[in-house]
Amino acid sequence: MNDDLTRFAPGDPAPVGHERQSMGGDSSWQFLILIAIGNFATLRRHIGREQSALLAEVVAARVTGLFPDAVVRSTSSTQVEIMLLGAERAAVDVHLAVLATALARPFTVAGQPCRIEPVLAAATAMKPHEDDIRLLEEAEQALADAHIECRSVVRDLAVRVDRLDRITLARDLTHAIEHDALFVEYQPKVHVRQQRVCSIEALLRWRHPVHGMISPVEFIPVAEESRIIAPLTLWTMRRVIADQRRLDQAGHPQRIFINISGILLGDPDFVRRACALVRDSDACIGFEITETSVIRDPESAIANLQTFVDMGIALAIDDYGAGLSSLSYLKQLPACELKIDKLFITQLTSSNRDPLIVRSTIDLAHALEMEVVAEGVETPAALALLTVMGCDMVQGYLISRPIGFDALCQFLDEQAHQAVIERATPLSLGRFVAHARA
Ligand code: C2E
Ligand code: CA
Ligand code: CA
């Protein structure tokens, strides 16, 4: 009776994690699956504290029976971790379905039948990869999403392109554009004083059929080199325009910003097609461009940006501070937003220099009549400090990770940003206020 909790006498030392050290089989993919016992608090009330403390062990024992080659561990009284290898990424979906079925059967606890409500999540990585911590972090984030979305969530660790053949990759990317095999995630920006979501950024995603998730940091340069950045960006614009309309119909008339590569600002054919898309759709969109994107041919780039603005496309200057900055260009760009690079924001409360840079950038942007967005806001302390500094908008994991369209609708319906803003009261500022006022 694997599942019978009464085999552990109350008072016996609790088992220290049920664990099997085996991971045979095909090794192309590594999966880290997390199972959380969603109704743990209810079960504890029902079966008592001592018995409930052993529940995760019992779940681990059943899982071990299902996956003899896996390393299975109960990592807390509410959570079980499974490390598995697989031949292809799709295997993780099969494993999750098998788990959902197996865990739906009742367990026997202290002689009574007892049902758990499992919350399932996984992170996948193509082997070899060197970062077990990131795999765990992705799995934990997937579990947090699964709790919110009430479904299993899988996140993929992106593969490094330097391991892949760039010519084949460019060909695969062309195929992906033609067959709609890309998708977009959305990350909200929140207006600090107005305490509302004020716009949304679209971030492109590509799940390669063989290599799995590839980061845009890796495939955008491939697209630029191989001259497929224009069709790729036009694909993204069509997707975003359609989603912006759906969002509007769902009661959320939000502007969505799209990242535009610098080389496109000197491409008259792209400019013409992009304008046609916006004109035909009447969509409310914006473009994020970097300052350096106008350096190659400032005159025509700035003229093209003005054309976009005249069509109602809002402009944001992205990654400010990360590259070469030139005040003379900054003054000429018809932008309404300046986004301070996350490089300065993620270290904000632990660095002496970054708060000074951020504060002077906020003042500079305001002097140029632009609103300021801080990207990469990860902690309540950073949000509180930025609020004191007069930053207009924030964006980052603290508010929301980039999420799919349905999750975005849910986020906006539930006004989920409000709880985060309320938590970042000036109290969480503590000693950092001194930095801001210095
Ligand atoms: P970006 O425009 O600076 O986008 C912000 C990046 O920071 C995103 O990475 C986002 O997921 C990540 N991020 C957001 N909040 C946080 C946070 O709190 N902490 C940290 N550490 N990171 C955060 P992602 O999605 O991997 O995109 C990377 C870059 O790829 C983007 O940087 C952008 O330059 C480019 N990109 C993405 N989509 C497109 C696209 O459609 N077209 C073009 N040309 N470039 C794109
Ligand atoms: Ca951006
Ligand atoms: Ca950025």
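Residues numbered from 1 in each chain as written. Chains lettered and ligands numbered in written order. Predicted model: local features only at pLDDT ≥ 70, side-chain atom pairs only at ≥ 80, totals over all residues. Heavy atoms only, no water.

1. As for the pairing of strand S2 (residues 71-76)
Where a strand is regular, its side chains alternate between the two sheet faces. Operational definition: Pairing between strands requires that DSSP locate at least two bridges from one strand to the other. Secondary structure elements are taken from DSSP: a helix is a run of H or I of four residues or more, a strand is a run of E of two residues or more, and numbering for both begins at the N terminus.
As paired strands, S2 and strand S3 (residues 79-86) are joined by five bridges and run antiparallel to one another. Within the sheet, the bridge partner assigned to serine 76 lies in S3 and is glutamine 79. Counting the residues in the hairpin turn of S2 and S3 gives two residues.

2. Quick look at the coordination of the calcium ion (ligand 2)
Applied cut-off: For Na, K and Ca the donor cut-off is 3.2 Å; for every other metal, N, O and S atoms count as donors within 2.8 Å. Water does not enter the count, which can leave sites looking incomplete. Note on classification: 1.4 Å probe, protein chains only; a residue is buried when its accessible area is under 20% of the maximum for its type, exposed when over 50%, partly exposed between these limits.
Within the protein, Glu201 (OE), Asn259 (OD1), Glu288 (OE) and Asp318 (OD) serve as the donor atoms for the calcium ion (ligand 2), at 2.2 to 2.3 Å. Motif for the calcium ion (ligand 2), donor spacing along one chain: E-x57-N-x28-E-x29-D. A spacing of 3.9 Å is found between the calcium ion (ligand 2) and the calcium ion (ligand 3), which share aspartate 318 as a donor. Separated by 58 residues along the polypeptide, glutamate 201 in strand S9 (residues 196-208) and asparagine 259 in strand S11 (residues 255-259) bring together distant segments of the chain. Residue asparagine 259 is classed as partly exposed on the basis of its relative accessible area, which comes to 29%.

3. Side note on the coordination of the calcium ion (ligand 3)
Each donor-metal-donor angle in an ideal tetrahedron of four donors is 109.5 degrees, and each such angle in an ideal octahedron of six donors is either 90 or 180 degrees. Protein-derived coordination of the calcium ion (ligand 3) comes from Asp318 (OD), Asp319 (OD), Glu375 (OE) and Glu375 (OE), at a distance range of 2.2 to 2.6 Å. Read from N- to C-terminus, the donor residues coordinating the calcium ion (ligand 3) fall into the pattern D-D-x55-E.

4. Focus on the site of ligand 1
Note the cut-off: One heavy atom suffices: a residue is near a molecule or strand as soon as one of its heavy atoms comes within 4 Å of it. Polar contacts here mean pairs of N or O atoms no more than 3.5 Å apart (in protein, one a potential hydrogen donor and the other a potential acceptor; neighbouring residues in sequence count only if both atoms are side-chain atoms). Any residue outside Ala, Val, Leu, Ile, Met, Phe, Trp, Tyr, Cys, Pro, Asp, Glu, Lys and Arg is labelled polar, Gly included; the first ten of those are nonpolar and the last four are charged.
By nearness alone, 21 residues border ligand 1, and Gln187, Arg205, Asn259, Glu378 and Tyr397 come closest of all. In the model, an oxygen atom of ligand 1 is placed 3.0 Å from a nitrogen or oxygen of the asparagine 259 side chain. Taking aspartate 319, its side chain carries an N or O atom lying 3.2 Å from an oxygen atom of ligand 1. Broken down by secondary-structure element, the contributors of at least two residues to the shell around ligand 1 are S9, helix H7 (216-225) and strand S13 (314-320). The biggest single contributor to the shell around ligand 1 is S9, with four residues. In the shell around ligand 1, the residues fall into eight nonpolar, six polar and seven charged.

5. Examining the side chain of glutamate 375
Going by this rule: Two residues qualify as a contact provided that any one of their heavy atoms is within 4.5 Å of a heavy atom in the partner residue.
Considering the arrangement of structural elements, one finds glutamate 375 in strand S15 (residues 371-375). From its side chain, glutamate 375 meets the backbone nitrogen of lysine 342 in a polar contact 3.3 Å long. Excluding its chain neighbours within four sequence positions, the residues that come into contact with glutamate 375 are Asp318, Asp319, Lys339, Ile340, Asp341, Lys342, Ile345 and Gln395.

6. Regarding H7
For clarity, the cut-off: By construction, the arc corresponds to the directions joining the helix axis to the C-beta atoms.
Among the residues making up H7, those that are buried are Phe219, Val222 and Ala223. For H7, the angular spread of buried residues about the axis comes to 100 degrees, placing them on one side. More than 90 degrees from the buried face of H7, the exposed residues found are Val217 and Glu225. Elements in contact with the buried residues of H7: helix H6 (166-178), S9, strand S10 (212-214) and helix H8 (229-249). Two to three positions downstream of the cap, the backbone nitrogen of valine 217 sits 3.0 Å from a side-chain oxygen, assigning the N-cap of H7 to serine 215. Arginine 227 sits one or two positions beyond H7 and adopts a positive phi of about 60 degrees.

7. Considering the confidence of the model for the chain
Low pLDDT marks stretches whose predicted atomic positions should not be read closely. Applicable threshold: One number per residue, pLDDT, summarises how confident the predictor is, and it ranges from 0 to 100.
Overall, the prediction assigns the chain a mean pLDDT of 88, with 90% of residues at 70 or greater. When the criterion is pLDDT under 50, residues 1-22 qualifies, and its contacts beyond four places in sequence or with other chains add up to 51 contacts.

8. Topic: the pattern of salt bridges
Once the charged atoms of two side chains with opposite charge are near each other, the side chains can pair. Formally: In what follows, salt bridge is the name for a side-chain nitrogen of Lys or Arg lying within 4 Å of a carboxyl oxygen of Asp or Glu.
All chains considered together, the criterion is met by 20 salt bridges. We note a salt bridge from aspartate 93 to arginine 89, for which the minimum N-O separation is 3.6 Å. The exposure class assigned to aspartate 93 is partly exposed, which follows from its relative accessible area of 40%. Arginine 273 serves as the salt-bridge partner of aspartate 269, at 3.2 Å between the closest nitrogen and oxygen. One end of the pair, aspartate 269, and the other, arginine 273, are both in helix H9 (residues 268-281), four residues apart, so they sit about a helical turn from each other. With relative accessibility at 32%, the residue aspartate 269 sits in the partly exposed group. By relative accessible area, arginine 273 is classed as partly exposed at 45%. Linked by salt bridges that have partners in common, Lys189, Glu201, Glu288, Glu337, Lys339 and Glu375 make up one network.

9. Section: the domain arrangement of the chain
To keep things clear, this is the line we draw: As annotated, the domain borders come from an automatic or database domain assignment.
By domain assignment, the chain separates into domain 1 (6-156) and domain 2 (164-437). Counting from both sides, the interface comprises nine residues of domain 1 and, opposite them, eight residues of domain 2. Across the domain 1-domain 2 interface, the total number found is one salt bridge. A salt bridge links arginine 207 to aspartate 156; its shortest N-O distance comes to 3.0 Å. Inspection of the domain 1/domain 2 interface yields two residue pairs in polar contact (both at pLDDT 80 or more). The residue makeup of the side of domain 1 that touches domain 2, split by class, is three nonpolar, one polar and five charged.

10. With respect to the sheet that holds strand S7 (residues 153-156)
So the rule is basically this: Note on method: axes are straight lines fitted to C-alpha atoms, helices fitted across the in-contact stretch only, with angles between N-to-C directions ranging 0 to 180 degrees.
Strand order in this open sheet of five strands is S2-S3-S1-S6-S7, and the pairing throughout is mixed. In the strand order of this sheet, the two ends are held by S2 and S7, each with one partner. Pairwise comparison of adjacent strand axes, ignoring direction, gives a mean angle of 20 degrees for this sheet. Across four bridges, the pairing between strand S6 (residues 118-126) and S7 is parallel. Opposite alanine 123, over in S7, you have arginine 155 as the bridge partner. Together, strand S1 (29-37), S2 and S3 form the strand contacts of helix H3 (residues 55-66), whose direction differs from that of S2 by roughly 170 degrees.

11. Looking at the packing of aromatic side chains
Test applied: Pairing of aromatic rings covers Phe, Tyr and the six-membered ring of Trp, with a centre-to-centre limit of 6.5 Å; geometry is then stacked below 30 degrees between planes, edge-to-face above 60, and tilted otherwise. Criterion for a charge above a ring: Lys NZ or Arg CZ within 6 Å of the ring centre, and within 35 degrees of the ring normal.
Inspection of the entire model under this criterion finds three aromatic pairs. On the basis of an interplanar angle of 75 degrees and a centroid distance of 6.5 Å, the ring pair of tyrosine 186 and phenylalanine 405 is categorised as edge-to-face. Of this pair, tyrosine 186 sits in strand S8 (residues 182-191) while phenylalanine 405 sits in helix H15 (residues 405-413), and the two are 219 residues apart along the sequence. Sitting above the plane of the phenylalanine 405 ring, arginine 246 keeps its charged end 3.9 Å from the centroid. It is arginine 401 that lies over the ring of tyrosine 397; its NZ or CZ is 3.9 Å from the centre.

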